[in-house]
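So the chains spell out like this:
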Amino acid sequence: MATDILASDFDSRLRLKTKTIGGERIKRAKETGEDIAVLSMFLPGATAAKENATFRCHLGMECMLGDCRDTTPGTKKMEYKTRQWHEKCFCCCVCKTAIGTKSFIPREQEIYCAGCYEEKYATRCIKCKKIITSGGVTYKNEPWHRECFTCTHCTVSLAGQRFTSRDEKPYCAECFGELFAKRCTSCVKPITGIGGTRFISFEDRHWHNDCFICAICKTSLVGRGFITDEQDVICPECAKQKLM
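What counts as what
Residues numbered from 1 in each chain as written. Predicted model: local features only at pLDDT ≥ 70, side-chain atom pairs only at ≥ 80, totals over all residues. Heavy atoms only, no water. Core = buried A, V, L, I, M, F, W, Y, C linked by side-chain atoms within 4.5 Å. Buried < 20%, exposed > 50% of the residue type's maximum accessible area, 1.4 Å probe, protein only. Helix = DSSP H or I, 4+ residues; strand = E, 2+ residues; numbered from the N terminus. Contact = heavy atoms within 4.5 Å. pLDDT = per-residue confidence, 0-100. Pairing = 2+ DSSP bridges. Salt bridge = Lys/Arg side-chain N within 4 Å of Asp/Glu carboxyl O.

- In the annotation of an unreviewed UniProt entry, the protein chain is listed under the name LIM zinc-binding domain-containing protein and assigned to Culex pipiens pipiens.

Below, the structure written as structure tokens:
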């Protein structure tokens, strides 16, 4: 019986982006090219007029203010990766809820709130179907919570334990032995093969190496000739003595 293994633990954390506000912080963010969204305000006066003139809300015709060029002083705007929105328009592409001061997750050209992103993209456990936020394991390219990856028969956790599978279902070593393994003719215990266990097979019978002994003198028959005596196996020397 081969022992299966789990892939290394993995984390499925969201890439949350945050916003920043404040003149000096905005300036520093722009200068360093930080991957953050910048919340600011349309200002009145000639100084801001040039900057305001270049503003176009990314929603275009779908702008929630009705005019994608609206730069009314006091109105807030959001900037992220060369794109701009009115604050109200900077919303989740799924639920349409304004991001506001909450974190968000960008994916391709869309913006998601954390809840909608998890619902659509987060890794889910193959067993319970719930989101794996951290500490999951992968078995046969499928993700599991550590607590969900259990023996099919006894439900003991298999994370970090020796196990094997049958019909694509995982079993702990003990249950696999009890349910499916061959039985030793001598001690009747399962022959699992786990951990390099050696065994002897003859016709339709099987023995652990340590159990394959002469029924009379109890010496090991591993690697030696032997004689069958009804249900017993005996060494050649004892077989001769028995015939005399």
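**A look at the nonpolar core**
Then step 1. By size, the foremost hydrophobic cluster in this structure holds 17 residues, and its most contacted members are Trp-85, Phe-90, Phe-104 and Ile-111.
Then step 2. Of all the elements in the fold, those that place two or more residues in this core are strand E2 (37-41), strand E3 (76-80) and strand E6 (110-113).
Then step 3. Ranked by size, the runner-up nonpolar core spans 14 residues in total, among them Cys-125, Tyr-139, Tyr-171 and Phe-176.

**Some points on the environment of Thr-228**
Then step 1. With respect to the helices and strands, Thr-228 occurs in strand E15 (residues 227-229).
Then step 2. Classification of Thr-228 by relative accessible area gives partly exposed; the value is 40%.
Then step 3. Residues Thr-228 and Cys-214, 14 residues apart in the sequence, show an inter-C-alpha distance of 9.8 Å.
Then step 4. Ignoring any residue separated from it by four or fewer positions in sequence, one finds Thr-228 in contact with Phe-202, Arg-205 and Val-233.

**Comments concerning the confidence of the model for the protein chain**
Then step 1. When pLDDT is averaged along the protein chain, the result is 81; 84% of the residues meet or exceed 70.
Then step 2. When pLDDT is averaged over each helix and strand of the protein chain, the minimum, 54, is found for strand E1 (residues 19-20) and the maximum, 92, for strand E4 (residues 83-86).
Then step 3. Scored below 50 in pLDDT, residues 1-15 shows 52 contacts in the model against residues more than four places distant or in partner chains.

**Looking at the pairing of E3**
Then step 1. Among the 5 residues that make up E3, 4 are buried, leaving the element largely enclosed by the rest of the structure.
Then step 2. In the sheet, E2 pairs with E3 via 4 bridges, with the strands oriented antiparallel. In the sheet register, Met-41 faces E3, and the bridge partner there is Lys-76.
Then step 3. Relative to E4, E3 runs antiparallel, the two sharing 4 bridges. Residue pairing in the sheet places Glu-79 in a bridge with Gln-84 of E4.
Then step 4. The hairpin formed by E3 and E4 contains 2 residues between the paired strands, and Lys-81 there has a positive phi angle of roughly 50°.

**What about the pairing of strand E14 (residues 205-208)?**
Then step 1. Neither face of E14 is exposed, since Arg-205 and Trp-207 on one face and His-206 and His-208 on the opposite face are all buried.
Then step 2. Bridge analysis of strand E13 (residues 199-202) against E14 gives 4 bridges, and the strand direction is antiparallel. Bridge pairing links Phe-199 to His-208 in E14.
Then step 3. The loop that links E13 with its antiparallel partner E14 comprises 2 residues; one of these, Glu-203, has a positive phi angle of about 55°.

**Digging into the pattern of salt bridges**
Then step 1. In the structure shown here, the tally under the stated rule is 5 salt bridges.
Then step 2. Note that Arg-124 and Glu-119 form a salt bridge whose closest N and O atoms lie 3.3 Å from each other.
Then step 3. Classification of Glu-119 by relative accessible area gives exposed; the value is 58%.
Then step 4. Where Lys-140 meets Glu-168, a salt bridge forms, and the shortest distance between an N and an O atom there is 3.4 Å. Placement of Lys-140 in the loop between strand E7 (136-139) and strand E8 (142-145) and of Glu-168 in the loop between strand E9 (163-166) and strand E10 (169-172) is noted, with a sequence separation of 28 residues between them.
Then step 5. For Lys-140, a relative accessible area of 42% gives the class partly exposed.
Then step 6. On the basis of relative accessible area, Glu-168 is assigned to the exposed category, the value being 61%.

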